[in-house]
Amino acid sequence: MLSITLTFKTEVMNLNHNIFGTALIVLSTMMTNAQSSTAKLPGDPTLPSSRANLEKLISYDKGNFKYKVEDYFARPKASAFKISPDGKYLSYKEKDQEKKNHVYVKDLSTGKITKAIVEKDDLIRNYGWLNKKRLFYTQDRGGNENIHLYATDTDGSNQKDLTPFDGVKVQAIIPVKDTDFVVVTMNKNNKQIFEPFKINFVTGEMTQLYENKDVNSPIDDYLFDKDGNLRGYSVLENGLTTKTYYKDLQTGKFNLIKSADWSDTFSIIEFNENSKNKDEAYVVTNLDSDKARIVLYDLKKNAVIKEIYSNPVYDVSSISTAGKNRNYELDYISYEGTKGETVPVSKFYKEIHDKLKSQFGDKEFGIASSDDNNDKLLVVVGSDKLYGTYYEYDTKTKQTKLLYNLMPQLKEEDMAEMRPIEFKSRDGLTIHGYITLPKAALEGKKVPLIVNPHGGPQGIRDSWGFNPETQLFASRGYATLQVNFRISGGYGKSFQKAGYKQIGRKAMDDVEDGVKYAIEQGWVDKDKVAIYGGSHGGYATLMGLIKTPDLYACGVDYVGVSNIFTFFDSFPEYWKPYKEMVKQIWYDLDNPEEAKIAKEVSPVFQIDKIKKPLFVVQGANDPRVNINESDQIVKAMRAKGFEVPYLVKYDEGHGFGKEPNRIELYKSMLGFFAENFNK
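Residues numbered from 1 in each chain as written. Predicted model: local features only at pLDDT ≥ 70, side-chain atom pairs only at ≥ 80, totals over all residues. Heavy atoms only, no water.

Chemist: An account of the overall build of the protein chain is requested, with residue identities and associated values reported.
Modeler: Within the protein chain, the regular secondary structure consists of 13 helices and 35 strands. Relative to a compact globule of 679 residues, whose C-alpha radius of gyration would be 26 Å, the protein chain shows 25 Å and is just as compact. Across the 679 residues of the protein chain, 59% fall into the buried class. The long-range fraction of contacts in the protein chain, counting pairs at least 24 apart against all pairs at least 6 apart in sequence, stands at 56%. When the 93 basic and 93 acidic side-chain charges of the protein chain are each reduced to a single mean position, those positions are 2 Å apart. (Helix = DSSP H or I, 4+ residues; strand = E, 2+ residues; numbered from the N terminus. Rg over C-alpha atoms; globule rule 2.2 N^0.38 Å. Buried < 20%, exposed > 50% of the residue type's maximum accessible area, 1.4 Å probe, protein only. Contact = heavy atoms within 4.5 Å. Lys, Arg positive; Asp, Glu negative; His and termini not counted. Charge placed at Lys NZ, Arg CZ, Asp CG, Glu CD.)

Structure, rendered in structure tokens:
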């Protein structure tokens, strides 16, 4: 729920384009610069550091470096390439001189290029094809995550805000193939709960498909078939029990087929349209196993037909199916192990996979886009040293052609290795993670280390691949440690549950054990260890400086929680149905014993233990971690005589999405690390 993604990760979609994904975090822009605005602003506008103080901080990053911050964090000149459903057009984002990323459409037969979507004050975070003539895109306002869905023709005409409602968040977008309709879930009628609407994306006409009435036991997920018909839903009863209902096709009645604890998984991925049995679906479940696995399930009989795939170490939860032209056959299964793994299933995809594997070897690759007939594929290739490169793949000729290198200025031979690691926690758990090592560490020198706990914390994990943060740090000679501590996702439910009610405690022990492991390997200068993270990682930064004040030289708290009590009180409306769940993950503040623990692991109440320098960063419009969380810790630290640099952007939310803001953030962070590592 708290997750924040700060690294580049290639988006791969199903070959048939029928999943565009759930609209999650849209990092956009709205207002004026943080340090100079005099308008009514969120939080306490007297707290952010002055421009002069931030410039002084930036100046500490001195050296003859081959790469600049901009080389890692300036957005690519072009990106987000997609093929139209009929294969006749190529769409993409292209950046102008003002750092705006507009969407263009290229006619592949004539070469004519048209600007289809203009990015103005707010970032275009997500876009895609609805049909061969029409595109969608999503935006919020200044990072507030109240996402709107828009549609436009490929020439930029007939643009419509399909969800023109203030304070409303679009949660899911499901195009209905071969129609002019899209199914959208949003909290239009009640800010706490989401309901499905069928919208004509040409006219904007809207019809509500189902009512979600019970705030205490709301529907929190809907199941639609390929024709846009509601076939099932899940209810979160009293915040703790997930009940799955499925529609009997003969009677039309929705029957309860599964009741499970919220922390267990029984999730219907999609129907098996390849089967004559209309009740057959692919399901991810761990109800009778520790690791999530894919099964084929008869929803009417409420029974497993057969297991499709499982792994003894990692959760498996993703599949990709073909379109109508290949009768919706299963193409492949994918999951995250040490690296991203793909298991080919269909003959069609096995040939593609074998061809790409022979060409790209150990690099990761995935299908980013395809036409409906799968004649033309766009393949994105990346690795720990390669940001990402697009290739065109012709499935008829089996030929691959380079389309675009996203970051040509970053040479693979100069990038650092991201090495998977594994160690035992102090109480015997196997902990996985990654360390990115600069050249000096590989030569046997002990280097400074930046510990980077991930966000979430529950269900999120760090992954192998190109990470511009860790590569930037490596360019300055710093190693980066990323620990998938207990409560991280992907390693089974027992591992995740081991971290419940251990946030700030055993979850931090795992991070500390990772630091100890890195020091024991001879990579790290134990006197030059910093901690930095976003969201829960920001909270972990504060707790690291408190729990082990002698371990770290300094810390950077980026949109992090400082006070569990005020954090709970500031939940956005659409989080409130999950409050009982959050109590089980974090702490139950209504229980005196747990409230006592929560106070002990709320950094704002423990600032007397912070001895080392702290840098705080916040997006003012953050709906997840309110600006008050950062304001509190800055005020408290300054009250006890600490100089705390504080960077606030009033056109951002839960993380910085705007290019100039991101660049300023990382320049400031590098200066902060350099200042404190060189003391």
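From this point, things continue past the structure.
Chemist: Break down the packing of aromatic side chains for me, with residues and values.
Modeler: Tallied over the entire structure, the rule returns 42 aromatic pairs. A centroid spacing of 5.4 Å and a plane angle of 45° characterise the contact between Phe81 and Tyr404, whose relative ring orientation is tilted. Note that Phe81 is positioned in strand 1 (residues 78-83) and Tyr404 in strand 27 (residues 399-405), a separation of 323 residues in sequence. A relative accessible area of 5% places Phe81 in the buried class. Summarising the aromatic geometry, the rings of Tyr558 and Phe656 are spaced 5.6 Å apart at their centres and angled 85° between planes, so their arrangement reads as edge-to-face. Here the residue Tyr558 occupies a position in strand 33 (residues 554-558), and Phe656 occupies one in the loop between strand 35 (646-649) and helix 13 (659-677), the gap between them amounting to 98 residues. Since its relative accessible area comes to 1%, Phe656 is described here as buried. An aromatic cluster of three or more residues is present, and its members are Phe473, Tyr478, Tyr532, Phe615, Phe672, Phe673 and Phe677. (Phe/Tyr/Trp six-rings, centres within 6.5 Å; stacked < 30°, edge-to-face > 60°.)

Chemist: Quick rundown of the sheet that holds strand 33? Include the residues and the values.
Modeler: Within the open sheet, the 8 strands sit side by side as 28-29-31-30-32-33-34-35. Their pairing is mixed. The outermost strands of the open sheet, each flanked by one partner alone, are strand 28 (417-424) and strand 35. Averaged over neighbouring strand pairs, the angle between their axes works out to 20° when direction is ignored. By the bridge criterion, 4 bridges tie strand 34 (residues 614-619) to strand 35 in an arrangement that is parallel. Bridge pairing in strand 35 links Val617 to Leu647. Those strands touched by helix 5 (residues 468-475) are strand 28, strand 29 (430-437), strand 30 (447-451), strand 31 (479-484) and strand 32 (524-534), and its axis lies near 150° from that of strand 31. Across the face of the sheet, helix 12 (residues 627-639) comes into contact with strand 33, strand 34 and strand 35 while running at roughly 155° to strand 34. (Pairing = 2+ DSSP bridges. Axes fitted to C-alpha atoms, helices over the stretch in contact; angles between N-to-C directions.)

Chemist: Please set out the confidence of the model for the protein chain residue by residue, giving values where relevant.
Modeler: For the protein chain, mean pLDDT is 93; residues scoring 70 or higher make up 94% of the total. Between residues 1-38, whose pLDDT stays under 50, and residues either more than four places distant or in other chains, the model counts 148 contacts. (pLDDT = per-residue confidence, 0-100.)

Chemist: Just give me the short version of the sheet that holds strand 10 (residues 181-186), but keep the residues and values in it.
Modeler: Spatially, 4 strands are ordered 9-10-11-12 in an open sheet, and the strand pairing comes out antiparallel. The outermost strands of the open sheet, each flanked by one partner alone, are strand 9 (170-175) and strand 12 (206-208). Across this sheet, the average inter-strand angle for adjacent strands is 25°, counted without regard to direction. Alignment of strand 10 against strand 11 (residues 195-200), held across 6 bridges, turns out to be antiparallel. Residue pairing in the sheet places Met186 in a bridge with Glu195 of strand 11.

Chemist: Describe the pairing of strand 29, naming the residues involved and giving the relevant values.
Modeler: Most of strand 29 is tucked away: 7 of the 8 residues are buried. Taking the residues between adjacent antiparallel strands as the criterion, strand 28 and strand 29 are bridged by 5 residues, where Gly428 takes a positive phi near 95°. Sheet topology note: the strand 29/strand 31 ladder contains 5 bridges and is antiparallel. Paired with Tyr434 across the two strands is Gln482, which belongs to strand 31.

Chemist: How would you sum up the environment of Tyr387? Please name residues and give values.
Modeler: With respect to the helices, strands and loops of the structure, Tyr387 is situated in the loop between strand 25 (376-382) and strand 26 (389-394). By relative accessible area, which is 12% here, Tyr387 ends up buried. Here the alpha-carbon distance between Tyr387 and Leu410, two residues 23 residues apart in the chain, equals 7.9 Å.

Chemist: How would you sum up the pairing of strand 32? Please name residues and give values.
Modeler: With 4 bridges joining them, strand 30 and strand 32 adopt parallel strand pairing. Note on strand 32: the bridge partner recorded for Val447 is Val524. The pairing of strand 32 with strand 33 spans 5 bridges and is parallel. Across the sheet, Ala530 pairs through a bridge with Cys554, a residue of strand 33. Following the chain from strand 32 across helix 8 (residues 536-547) to the adjacent parallel strand 33, one finds a crossover that is right-handed. (Right-handed = clockwise from strand over helix to strand, strands pointing away.)

Chemist: Give me the side chain of Asn286: which residues, what numbers.
Modeler: Mapped onto the secondary structure, Asn286 falls in the loop between strand 18 (280-285) and strand 19 (293-298). The contact partners of Asn286, leaving out residues within four places of it in the chain, are Asp264, Thr265, Lys291, Ala292 and Lys493.

Chemist: How would you sum up the side chain of Glu594? Please name residues and give values.
Modeler: Examined against the element boundaries, Glu594 turns out to sit in helix 11 (residues 592-600). Taking the relative accessible area as the measure of exposure, Glu594 reaches 16% and is therefore buried. Within the structure, the side chain of Glu594 is placed 2.8 Å from the side chain of Lys501, a separation counted as a polar contact. For Glu594, the residues in contact, after removing those within four places along its chain, are Lys501, Lys583, Tyr587 and Asp588. (Polar contact = N/O pair within 3.5 Å; in protein donor to acceptor, adjacent residues only side chain to side chain.)

Chemist: Describe helix 13, with residues and values.
Modeler: Between its first and last C-alpha atoms helix 13 spans 27 Å; for 19 residues at 1.5 Å apiece the expected length is 27 Å, and the two agree. Judged by how many residues are buried, helix 13 sits mostly within the fold: 16 of 19 residues are covered. (Expected span 1.5 Å × (residues − 1).)

Chemist: Outline the environment of Phe65, listing residues and values.
Modeler: Position of Phe65 relative to the elements: it lies in the loop between helix 1 (51-58) and helix 2 (69-73). On the accessibility criterion, Phe65 (29% relative accessible area) is partly exposed. For the pair formed by Phe65 and Gly477, sequence separation is 412 residues and the distance between their alpha carbons is 10.0 Å. Once you skip the residues sitting within four places of it in the chain, Phe65 turns out to touch Ser475 and Arg476.

Chemist: With reference to specific residues and values, describe the nonpolar core.
Modeler: Counting residues in hydrophobic clusters, the biggest one holds 83 residues, and the most contacted among them are Leu449, Val451, Trp586 and Ile633. Apart from the residues within four sequence positions on either side, Leu449 is in contact with Ile435, Ala479, Thr480, Leu481, Val515, Ala518, Val524, Lys528, Val529, Ala530 and Phe677. Membership of the second largest hydrophobic core comes to 45 residues, among which are Tyr92, Tyr390, Ile663 and Phe673. (Core = buried A, V, L, I, M, F, W, Y, C linked by side-chain atoms within 4.5 Å.)

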